[in-house]
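Structure assessment
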Amino acid sequence: MQIIKTVEELKNIRKTLKGTIGFVPTMGALHDGHISLIKKAREENEIVIVSIFVNPTQFLKGEDLSTYPRKEEADIKICQMCKVDYLFMPDIKTMYEEDEVLIKAPQNSYVLEGFTRPGHFDGVLQVVLKLFNLTQATNAYFGKKDAQQLALIQQMVKNLFLPINIIPCDIVRENSGLAMSSRNVYLSIEQKQEALKISKSIYMAGNLIAKGERDANIVKDKIYEVLAPLDIEYVKVVDKRFDEIEVIEPSNTIILVVVRFGNVRLLDNIWM
Ligand code: AMP
């Protein structure tokens, strides 16, 4: 595995690459969720590129940019074990100039995650577009855990006619059910125990819908019951365009839950 630190280096190497390229963008502190994306990329492509970059433009003022978990050495080992060919670990200076062309995410980036974090998705799309242009990958792998991010990236690819396939990947969970996240390390043992209510609530919702419930408000109320007394930021039932719906339509419904433990926001969702 070759570690690449600068944009220039990556551009030069890219010119020499032939064959299908699978790309997995991450912010590091890799866990089994990331590993599942990398494994899928390894299975489906001749060359695998992983990036680790804690992208400053997607963090709002007061968010955890400076304290975001960083585990460089362990991440390098994980990528080696997963037989990654190129690990791109740029610093901010190689990725950004002072005054840049910006990307503006569409209106549906200001609901849900974008309601709490306005502008967050502008930064996400900006860095993802840069990375797509640099890697010129065939396939890029994204987790359904960040459902709205995945949808907005798919929309960017469509709107800007980008020559890349976006491959959605299932949520990977701990044995307990808790969705894996780099931010889980912020939780105390007690909070981690409490957080199990999140996956419990969405599984319950999945079962209700499987049994025929179609009223989104009933499903939401039941989720609130299971989550109580946690600090719930939102429970939403949306269609795949991220518009809220009243009537559940299986195969076109996502249920999203965000719960706060102090400053830590835990996201989970289920795709029906
Ligand atoms: P991050 O490092 O948090 O920016 O995540 C990088 C990629 O890994 C994104 O596409 C995430 O959706 C994906 N990811 C994060 N956690 C999980 C998980 N538990 N299961 C599947 N994919 C995940």
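Residues numbered from 1 in each chain as written. Predicted model: local features only at pLDDT ≥ 70, side-chain atom pairs only at ≥ 80, totals over all residues. Heavy atoms only, no water.

Quick look at the overall build of the protein now. Summing up its helical and strand segments, the protein has 10 helices and 9 strands in all. In terms of C-alpha radius of gyration, the protein reaches 19 Å, essentially the compact-globule figure of 19 Å for 272 residues. Overall, the C-alpha framework of the protein stretches about 55 × 40 × 40 Å when taken along its three principal axes. Taken across its 272 residues, the protein has 52% of its residues classed as buried. (Helix = DSSP H or I, 4+ residues; strand = E, 2+ residues; numbered from the N terminus. Rg over C-alpha atoms; globule rule 2.2 N^0.38 Å. Buried < 20%, exposed > 50% of the residue type's maximum accessible area, 1.4 Å probe, protein only.)

Right, let's get into the site of the ligand. In the neighbourhood of the ligand, 17 residues make up the surrounding shell, with Met27, His34, Asp146, Val172 and Met180 lying closest. With respect to the ligand, the backbone of Val172 contributes an N or O atom lying 2.8 Å from a nitrogen atom. Within the complex, 93% of the 480 Å² of free accessible area of the ligand lies under protein. Residue assignment for the shell around the ligand shows that the elements contributing at least two residues are strand 2 (21–26), helix 2 (32–44) and strand 5 (139–143). A per-element tally of the shell around the ligand places helix 2 first, with 3 residues. Partitioning the shell around the ligand into residue classes produces 8 nonpolar, 6 polar and 3 charged. (Near = heavy atom within 4 Å. Polar contact = N/O pair within 3.5 Å; in protein donor to acceptor, adjacent residues only side chain to side chain. Areas by Shrake-Rupley, 256 points an atom, 1.4 Å probe, with all protein chains shown as cover. Nonpolar A, V, L, I, M, F, W, Y, C, P; charged D, E, K, R; others polar.)

What follows is about the domain arrangement of the protein. What the domain assignment reports for the protein is domain 1 (2–169) and domain 2 (182–271). Look at where the C-alpha atoms of domain 1 and domain 2 centre, and you get two points 26 Å apart. Taken residue by residue, the interface counts 23 residues in domain 1 and 17 residues in domain 2. Between Arg265 and Glu113 there is a salt bridge; the shortest N-O distance is 2.8 Å. Of all elements in the fold, only helix 5 (113–116) and helix 7 (147–159) reach the threshold of two or more residues within the side of domain 1 that touches domain 2. A per-element tally of the side of domain 1 that touches domain 2 places helix 7 first, with 4 residues. Residues of the side of domain 1 that touches domain 2, tallied by class, amount to 9 nonpolar, 7 polar and 7 charged. (Domains from an automatic or database assignment. Contact = heavy atoms within 4.5 Å. Salt bridge = Lys/Arg side-chain N within 4 Å of Asp/Glu carboxyl O.)

Now for the sheet that holds strand 3 (residues 47–52). Strand pairing in a sheet is mediated by backbone hydrogen bonds. Such pairs are either parallel or antiparallel. On the basis of which strands lie adjacent, the open sheet formed by 6 strands has the order 1-4-3-2-5-6 and parallel pairing. Whereas interior strands pair on both sides, the edge strands pair on one side only; in this sheet they are strand 1 (2–4) and strand 6 (165–169). In this sheet, adjacent strand axes meet at a mean angle of 25° when their direction is disregarded. Of the strand pairs in this sheet, strand 2 and strand 5 are connected by 2 bridges, and their pairing is parallel. Counted as the bridge partner of Phe23 is Ala140 from strand 5. Sheet strands touched by helix 2: strand 2, strand 3, strand 5 and strand 6. Its angle to strand 5, the strand with the most contacts, is close to 155°. (Pairing = 2+ DSSP bridges. Axes fitted to C-alpha atoms, helices over the stretch in contact; angles between N-to-C directions.)

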